[in-house]
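# Descriptive structure summary
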Amino acid sequence: LLLTTDTTLQPFLDMLDDSSTTSNVSTVRAVILKVLSHPEIYNGFDQVAAKLQAKSGDAAYAGILKTLELFSYGSIGDYQQNTGLYLPLNEAHLTKLRQLTVLTRVQQACIQGQSSIPYAALAQALGETASNDTVNRSMELVMISGLYARIWNGRLCQKSQTFCLG
């Protein structure tokens, strides 16, 4: 996997070090939403949350912290089960969350020594229950966007309905 976002994330972390920024929930929310939609940031959300731990008892920051936790350790399914816990997410945020969900599945496959992942397993990870052309195309779009973003390496094989890790 090809993720290195330290230099891209650092300016946002620096902003959150400033007490005038973190004292204004609207400003913090705006910074967090920019981090979540940034096209080069796919990890480090737990570092962002650590900058806000002093605010963990403040109800105004609850949704922000839950959203950062979701992007750090959760999945698109977690979001779909209870959207009210999180900040409102736009399509760019949801796309990234889908990519992170697939990334978790790809990492699991690597740990288990698998060389490919069936489309059905990827669709299931994304919360898609039916196996049809629309589901496959939706899942393929997530996979292709992850390939172009260099989140993972591999190739899609429509004939065998698998993502071959590579």
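Report on the accompanying structure. Note that the structure is a prediction, hence the values are computed from the model and not measured.

### Focus on the sheet that holds strand β3 (residues 162–165)
One open sheet holds the three strands; their spatial order is β1-β3-β2, and the pairing between them is antiparallel. The two strands at the open ends of the sheet, each matched to only one other strand, are β1 (116–118) and β2 (154–157). Averaged over neighbouring strand pairs, the angle between their axes works out to 20° when direction is ignored. Pairing of β2 with β3, which is carried by four bridges, proceeds in the antiparallel orientation. Across the sheet, Gly-154 pairs through a bridge with Leu-165, a residue of β3. Contacts between helix α9 (residues 133–148) and the sheet are confined to β2 and β3, with β2 contributing the most and set at about 155° to the helix.

### As for helix α3 (residues 25–37)
Between its first and last C-alpha, α3 extends 18 Å over 13 residues, near the 18 Å set by a 1.5 Å rise per residue. Those residues of α3 that sit buried are Val-28, Val-31, Ile-32, Val-35 and Leu-36. With its buried residues spanning 135° around the axis, α3 presents them on a single face. Those residues of α3 hidden inside the fold are in contact with α1 (6–17), α2 (19–22), α4 (45–51), α5 (62–73) and α7 (91–111).

### A closer look at the pairing of β3
Note: β1 against β3, three bridges, orientation antiparallel. Across the sheet, residue Ser-116 finds its bridge partner in β3, namely Cys-164. What sits between β2 and β3 in their antiparallel hairpin is a turn of four residues, with Gln-161 showing a positive phi close to 55°.

The rules behind the values
Residues numbered from 1 in each chain as written. Predicted model: local features only at pLDDT ≥ 70, side-chain atom pairs only at ≥ 80, totals over all residues. Heavy atoms only, no water. Pairing = 2+ DSSP bridges. Helix = DSSP H or I, 4+ residues; strand = E, 2+ residues; numbered from the N terminus. Axes fitted to C-alpha atoms, helices over the stretch in contact; angles between N-to-C directions. Contact = heavy atoms within 4.5 Å. Expected span 1.5 Å × (residues − 1). Buried < 20%, exposed > 50% of the residue type's maximum accessible area, 1.4 Å probe, protein only. Arc of directions from axis to C-beta.

Don't take any of this as a statement about function, it's just geometry.
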